[in-house]
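Take a look at the letters that make up each chain.
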2 protein chains.
Amino acid sequence: VTVPFNIEKLPGLDTIAAHLEGLEETIISKLIDRAQFAQNLVVYKPGQSGFEGAGDISLFELRLRRVEQMDAEFGRFCVPEERPCFKDLPPSKRTTPPVPGVLAIEDFDCINMSEQIVAAYKSLIPQICALGDDGHYGSSTEHDVFAVQAIGRRVHFGALYVAESKYVSNRATYDALIDARDSVSIERSLTRPEVEERILQRVAQKVDHLQSQINPKVRRRIPAQAVLDFYRAHVIPLTKRGETAYLLHRRREAGK
Amino acid sequence: VTVPFNIEKLPGLDTIAAHLEGLEETIISKLIDRAQFAQNLVVYKPGQSGFEGAGDISLFELRLRRVEQMDAEFGRFCVPEERPCFKDLPPSKRTTPPVPGVLAIEDFDCINMSEQIVAAYKSLIPQICALGDDGHYGSSTEHDVFAVQAIGRRVHFGALYVAESKYVSNRATYDALIDARDSVSIERSLTRPEVEERILQRVAQKVDHLQSQINPKVRRRIPAQAVLDFYRAHVIPLTKRGETAYLLHRRREAGK
């Protein structure tokens with residue numbers, strides 16, 4: 001999406017919401033691609049990677065770690081909404097664009113939902129993939145990583161930019177809640193049931209539309225309800241939990 | 001796609017064609033994802049990677065090489081239709097499923113179209129991405145690699161399995177053409193204009209359908225014609241060139 005976020009002016013909430021909306025097709029198409037392979041649950045089992053010297057890690061976690069190590073050198077995690085799952089990653093070797101100055105936080109990893117995203121994603125697999133094992137472990141984990149990263153971008157982007165946008169439009173209220181460390185009230189203030197319901201219906205409708213003309217003999221279809229449930233149970237709540245974390249860690253002006 | 005190709009029995013041409021058809025949505029959705037970023041042509045310029053110690057390589061080639069090095073250890077290139085672009089890759093560290101015995105060839109890299117695929121892919125970028133530069137170089141190259149690998153899988157899968165299938169259904173004719181090293185006649189014998197036209201129309205129709213309900217304010221649309229032209233000018237011809245290479249390198253029975 002071509003919205004230029006690398007600027008010193010915070011985009012409006014509409015623009016931020018539009019960016020999140022634009023990420024939905026990306027997430028859905030990655031889930032559909034993953035579902036072209038069977039569940040292959042062995043790839044999530046620790047110690048069964050079949051990878052020389054990998055020890056007690058699963059093939060999926062090993063792949064994710066290796067991708068994150070590579071991505072770190074390419075500067076991925078210099079981008080606020082790209083948060084890694086693993087620690088001890090190498091530093092960036094690439095000249096990356098400046099971090100948007102609109103975010104008032106020192107350490108973006110104060111808002112890191114990656115571990116919960118991975119756990120939630122694993123629970124989605126049996127809902128979208130065919131039961132059993134087709135031997136395509138490499139392809140399965142490759143697509144797992146694509147999907148987890150796309151979901152992570154959505155959650156963290158929302159967490160950072162939605163929270164900052166809501167903060168600047170209502171400083172006094174949020175300052176009081178932040179001073180009181182009242183995370184329950186903060187999260188409640190970030191909740192708009194009618195907006196969430198609209199997102200859920202739109203996501204489900206996209207899942208159906210993107211698959212409405214496939215040839216079911218050559219491509220597996222995933223149920224819209226599974227993706228809707230995943231958004232309802234995980235994507236939206238994790239985004240809000242990230243927003244709350246952002247506000248609680250938000251840098252305050254000097255003297256405040 | 002769940003068709004089990006890891007078997008000792010060659011699937012019918014219909015099943016092979018169905019697998020190729022199932023890869024179309026994957027290729028198209030990866031191209032659409034790439035097009036959410038600007039052309040960013042600097043990522044294809046040698047020596048301008050901005051990556052410490054990378055030397056004269058472009059950011060795209062560097063990313064592709066690093067992904068291939070990682071993928072090699074995960075056993076990707078043990079799969080016949082996964083052909084790398086770079087040489088000198090590390091050996092697989094993973095236990096991978098046996099190579100299908102139905103392919104009568106020793107060295108799968110006799111059929112490696114990756115260099116031509118990359119060149120063709122680069123020529124497609126200005127047709128699908130917005131002019132200019134949005135600074136998202138990391139994301140652009142990441143999606144470039146996803147797309148190039150998906151296209152490569154389609155070309156090489158077709159090259160190997162379609163060729164073998166046509167060979168076994170017409171051994172005498174192909175043996176004569178192979179003995180004569182007559183690559184022009186081989187390629188002609190593999191050409192079915194009406195089948196190709198049907199693929200082109202289907203691909204174009206999928207590109208339109210997959211984007212028919214997007215919100216153009218939040219997501220960029222790619223032209224169906226550009227993907228159709230890409231299939232016509234590159235995907236189909238490279239698949240046929242790969243089929244011809246397969247037949248010319250096909251292992252012959254002892255004494256023949």
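On a predicted model such as this, the values are computed, not experimentally measured, just so you know.

## A few points about the overall build of chain A
When helices and strands are tallied, chain A shows eight helices and zero strands. Rg of the C-alpha trace for chain A: 19 Å, near the compact-globule value of 18 Å for 256 residues, within the 12% margin. With respect to the three principal axes, the spread of C-alpha positions in chain A is 60 × 40 × 35 Å. The 256 residues of chain A split such that 56% are buried. Counting only contacts in chain A whose residues sit at least 6 apart along the sequence, the fraction spanning at least 24 positions is 75%. If you sum the accessible surface of chain A, you get close to 10700 Å²; carbon and sulfur atoms cover 53% of it.

## Points about unusual backbone geometry
Residues and elements named next belong to chain B. The phi dihedral of D88 is positive, around 55°, even though this residue is not glycine. For D88, the location among the structural elements is in the loop between helix 2 (59-73) and helix 3 (114-128). Judged by its relative accessible area of 79%, D88 falls in the exposed class. The phi dihedral of R181 is positive, around 50°, even though this residue is not glycine. Structurally, the position occupied by R181 is in the loop between helix 5 (171-179) and helix 6 (183-189).

## Some thoughts on the relation of the copies chain A and chain B
At an RMSD of 0.0 Å, chain A and chain B line up after a rotation of 180° and a shift of 0.0 Å along the axis. Given the turn and translation reported, the copies of this chain are related as if by a two-fold rotation axis. In terms of C-alpha distance to the rotation axis, chain A has L210(A) as its closest residue, with the C-alpha 2.8 Å off the axis. Taken together, the interface assignments show that 100% of the residues at the interface of chain A recur at the interface of chain B, consistent with an identical surface on both copies.

## Re the interface of chain A and chain B
Contacts between the two partners involve 49 residues from chain A and, on the opposite side, 49 residues from chain B. A combined buried area of about 4600 Å² lies between chain A and chain B, and 49% of that area is made up of carbon and sulfur atoms. For the interface between chain A and chain B, the tally reads ten salt bridges. Note that R63(B) and D71(A) form a salt bridge whose closest N and O atoms lie 2.7 Å from each other. At the boundary of chain A with chain B, the tally comes to 27 residue pairs in polar contact (both at pLDDT 80 or more). Among the elements of the structure, helix 1 (13-34), helix 2 (59-73), helix 4 (137-168) and helix 7 (193-210) of chain A are those that each provide at least two residues to the side of chain A that touches chain B. Here the side of chain A that touches chain B is built from residues that sort into 14 nonpolar, 20 polar and 15 charged.

## Some thoughts on the pattern of salt bridges
All names here are of chain A. Summed over the entire model, instances satisfying the criterion amount to 42 salt bridges over all chains. R251 serves as the salt-bridge partner of E106, at 3.4 Å between the closest nitrogen and oxygen. Within this pair, whereas E106 is found in the loop between helix 2 and helix 3 (114-128), its partner R251 is found in the segment after helix 8 (224-249), the two being separated by 145 residues in sequence. The exposure class assigned to E106 is exposed, which follows from its relative accessible area of 61%.

## Details of helix 1 (residues 13-34) of chain B
Over its 22 residues, helix 1 of chain B extends 32 Å from the first C-alpha to the last, a length consistent with the 32 Å expected when each residue adds 1.5 Å. Burial of helix 1 of chain B is extensive: 18 of the 22 residues sit out of reach of the surface.

## Here we look at the nonpolar core
Core analysis: the biggest nonpolar cluster contains 99 residues, and L31(A), Y231(A), L31(B) and Y231(B) have the highest contact counts within it. Excluding residues within four positions of it along the chain, L31(B) makes contact with Y121(B), L124(B), I128(B), A147(B), I222(B) and V227(B).

## A closer look at the side chain of R94(A)
Inspection of the secondary structure assignment puts R94(A) in the loop between helix 2 and helix 3. Of the side chains bearing the opposite charge, E142(B) lies closest to the buried R94(A), which forms no salt bridge; the N-O distance is 8.9 Å. With residues near it in sequence (within four places) discarded, R94(A) still touches E73(A), F74(A), S49(B), G50(B), F51(B), L59(B), Y137(B) and G138(B).

## Focus on the layout of surface pockets
Reported here for the largest pocket is a volume of approximately 620 Å³. Elements with a minimum of two residues in the lining of the largest pocket: helix 1, helix 4 (137-168), helix 7 (193-210) and helix 8 (224-249) of chain B. Considering only residue class, the lining of the largest pocket consists of ten nonpolar, three polar and twelve charged. Of the pockets and cavities examined, the second largest pocket occupies roughly 510 Å³. Secondary structure elements with two or more residues in the lining of the second largest pocket: helix 1, helix 4, helix 7 and helix 8 of chain A. For the lining of the second largest pocket, the leading source of residues is helix 1 of chain A, giving seven residues. Taken together, the residues of the lining of the second largest pocket sort by class into nine nonpolar, two polar and eleven charged.

Definitions and cut-offs
The numbering scheme is per chain: residues are counted from 1 as the chain's sequence reads. As a convention, the first chain written is A and the first ligand written is 1, with the rest following in written order. It should be noted that, the model being predicted, local features are given only for residues of pLDDT at least 70 and side-chain atom pairs only at 80 or more, the latter also being counted only at that level, while totals for whole chains, interfaces and linings use all residues. Derived side-chain values reflect all non-hydrogen atoms in the structure, with water molecules and hydrogen atoms excluded from consideration. Put simply, DSSP marks the helices as runs of H or I at least four residues long and the strands as runs of E at least two long, and each gets a number from the N terminus on. Atoms counted for the radius of gyration: C-alpha only. Globule rule: 2.2 Å times the number of residues to the power 0.38. The buried label goes to any residue with under 20% of its type's maximum accessible area, the exposed label to any with over 50%, and the partly exposed label to all in between, with areas taken from a 1.4 Å probe on protein chains only. Any pair of residues with heavy atoms lying within 4.5 Å of one another is described as a contacting pair. Accessibility throughout is a Shrake-Rupley quantity obtained with a 1.4 Å probe, and a residue counts as covered only by protein chains that appear here. Alignment of the copies relies on least squares applied to C-alpha atoms, considering only residues that score at least 70 for pLDDT in both. Accessible-area loss on putting two parts together, using a 1.4 Å probe and summing over both, is the definition of buried area adopted here. Throughout this description, the term salt bridge denotes a Lys or Arg side-chain nitrogen within 4 Å of a carboxyl oxygen of Asp or Glu. By the criterion applied in these results, polar contacts are pairs of N or O atoms within 3.5 Å in which, for protein atoms, one can donate a hydrogen and the other can accept it, and in which residues neighboring in sequence qualify only through two side-chain atoms. Residues are grouped as follows: Ala, Val, Leu, Ile, Met, Phe, Trp, Tyr, Cys and Pro are nonpolar; Asp, Glu, Lys and Arg are charged; every other residue, Gly included, is polar. By this rule, a helix spans an expected 1.5 Å times one less than how many residues it contains. Within this scheme, the nonpolar core is defined by two criteria: the residues are buried Ala, Val, Leu, Ile, Met, Phe, Trp, Tyr or Cys, and they are joined through side-chain atoms within 4.5 Å. For the purpose of counting charges, residues Lys and Arg are taken to be positive, whereas Asp and Glu are taken to be negative. His and the chain ends are not included. Think of a 1 Å grid over just the protein atoms. A cavity is a set of points where a 1.4 Å probe fits yet cannot get out, a pocket is an open set with protein on both sides within 12 Å along at least five of seven lines, and lining residues have an atom within 4 Å of a point. Grid points are joined across faces, edges and corners, and a volume is the space filled by probe spheres set on the points.

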